[in-house]
Amino acid sequence: MLYQLDSTRPLQELEQRLQESAARHQFGVLAIHDLRETMKKKGLDLAMECRIYEVCNPFQAKKALEADPAISTALPCRISIYGSGDRYTLATIRPTELMKGFSNAGIAAVAREVEAVMIEMIEETARK
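It should be emphasised that the depicted structure is a prediction, and the values quoted were computed from it without experimental measurement.

With that out of the way, let us pick up the side chain of glutamate 124. On the secondary structure map, glutamate 124 appears in helix 5 (residues 108-126). Within polar-contact distance, the side chain of glutamate 124 engages the side chain of arginine 24 at 2.9 Å. Leaving out residues up to four positions away in the same chain, glutamate 124 has contacts with Arg17, Ser21, Arg24 and His25.

Now for the state of the cysteines. A complete count under the given rule lists 0 disulfides for this structure. Looking at cysteine 50, it has no disulfide partner, and the nearest cysteine sulfur is the one in cysteine 77, 17 Å off. Summary of cysteine pairing: cysteine 77 is not part of a disulfide, and the nearest cysteine sulfur, belonging to cysteine 56, is at 7.0 Å. Using a relative accessible area of 17% as the deciding quantity, one classes cysteine 77 as buried.

Looking at chain direction, strand 3 (residues 49-56) and strand 4 (residues 77-84) are connected through 7 bridges and run antiparallel. Residue pairing for strand 4: isoleucine 52 is matched across the bridge by serine 80. In this sheet, strand 5 (residues 87-93) lies alongside strand 4 in antiparallel orientation, the contact comprising 5 bridges. Among the inter-strand pairings, serine 80 is bridged to a residue of strand 5, identified as alanine 91. Connecting strand 4 to the next strand, strand 5, in antiparallel fashion are 2 residues, including glycine 85 with a positive phi near 60 degrees.

With that settled, consider the packing of helix 1 (residues 11-24) against helix 5. In contact at an axis separation of 8 Å, helix 1 and helix 5 are set at 140 degrees when each is read in the N-to-C sense. Taken together, the axis directions place helix 1 and helix 5 in an arrangement best described as oblique. Read as a crossing pair, helix 1 and helix 5 show a hand that is right-handed. Mapping the contact onto sequence places Leu14, Arg17, Leu18, Ser21, Ala22 and Arg24 in helix 1 and Met121, Glu124, Thr125 and Ala126 in helix 5.

For the rest of this paragraph, the subject is unusual backbone geometry. Across the chain, the bulk of peptide bonds are trans and the bulk of non-glycine residues have phi less than zero. Between leucine 75 and proline 76 the backbone carries a cis peptide bond, its omega angle lying at -5 degrees. Structurally, the position occupied by proline 76 is in the loop between helix 3 (58-67) and strand 4. Not every positive phi belongs to a glycine, and glutamine 26 is a case in point at roughly 65 degrees. Mapped onto the elements, glutamine 26 comes out in the loop between helix 1 and strand 2 (28-34).

Turning to its location among the elements, arginine 112 is positioned in helix 5. In this structure arginine 112 comes out as exposed when scored by relative accessible area, which is 52%. Measuring from C-alpha to C-alpha, the distance between arginine 112 and arginine 24 comes to 19 Å, with 88 residues separating the pair along the chain.

The next point concerns a nonpolar patch on the surface. There is a patch of nonpolar side chains on the surface, built from Met1, Leu2, Ile93 and Leu98 and spanning about 350 Å² of accessible area. Examined against the element boundaries, leucine 2 turns out to sit in strand 1 (residues 2-7). Its relative accessible area of 44% is what places leucine 2 among the partly exposed residues.

How each quantity is defined
- Residues numbered from 1 in each chain as written.
- Predicted model: local features only at pLDDT ≥ 70, side-chain atom pairs only at ≥ 80, totals over all residues.
- Heavy atoms only, no water.
- Helix = DSSP H or I, 4+ residues; strand = E, 2+ residues; numbered from the N terminus.
- Polar contact = N/O pair within 3.5 Å; in protein donor to acceptor, adjacent residues only side chain to side chain.
- Contact = heavy atoms within 4.5 Å.
- Disulfide = S-S within 2.5 Å.
- Buried < 20%, exposed > 50% of the residue type's maximum accessible area, 1.4 Å probe, protein only.
- Pairing = 2+ DSSP bridges.
- Axes fitted to C-alpha atoms, helices over the stretch in contact; angles between N-to-C directions.
- Parallel < 35°, antiparallel > 145°, perpendicular 65-115°, else oblique.
- Left-handed = near helix turned anticlockwise from the far one by under 90°.
- Patch = residues over 30% accessible without salt bridge, like charges linked within 9 Å, V, L, I, M, F, W, Y side chains within 5 Å.
- Areas by Shrake-Rupley, 256 points an atom, 1.4 Å probe, with all protein chains shown as cover.
- Salt bridge = Lys/Arg side-chain N within 4 Å of Asp/Glu carboxyl O.

See the structure below:
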């Protein structure tokens, strides 16, 4: 269900590399949710860093939405970076798995295309 990859790169470098990779692959970063900061504002302490990046390729999103408007409930795609110190994990829910919850078999090809690019983005961010 999940695709995960560990990295020893610093958090700030991972964030920069992810944004650069997303742009190269025609994905926009729509929002970044800093869960540690959000919880801190609520009086809760989260020991690790946890950032969620909402990413979207508008051309692929249009295909998915035209196939089944209910897919809007699963958009945009998300990539998380979480961890602390010298070890972070990049993770995403595989779009191919997520799309199995919808009854439109035609969306599988789009999900495979998006998943391949998201995995490439994660690998570029963590490794290359």
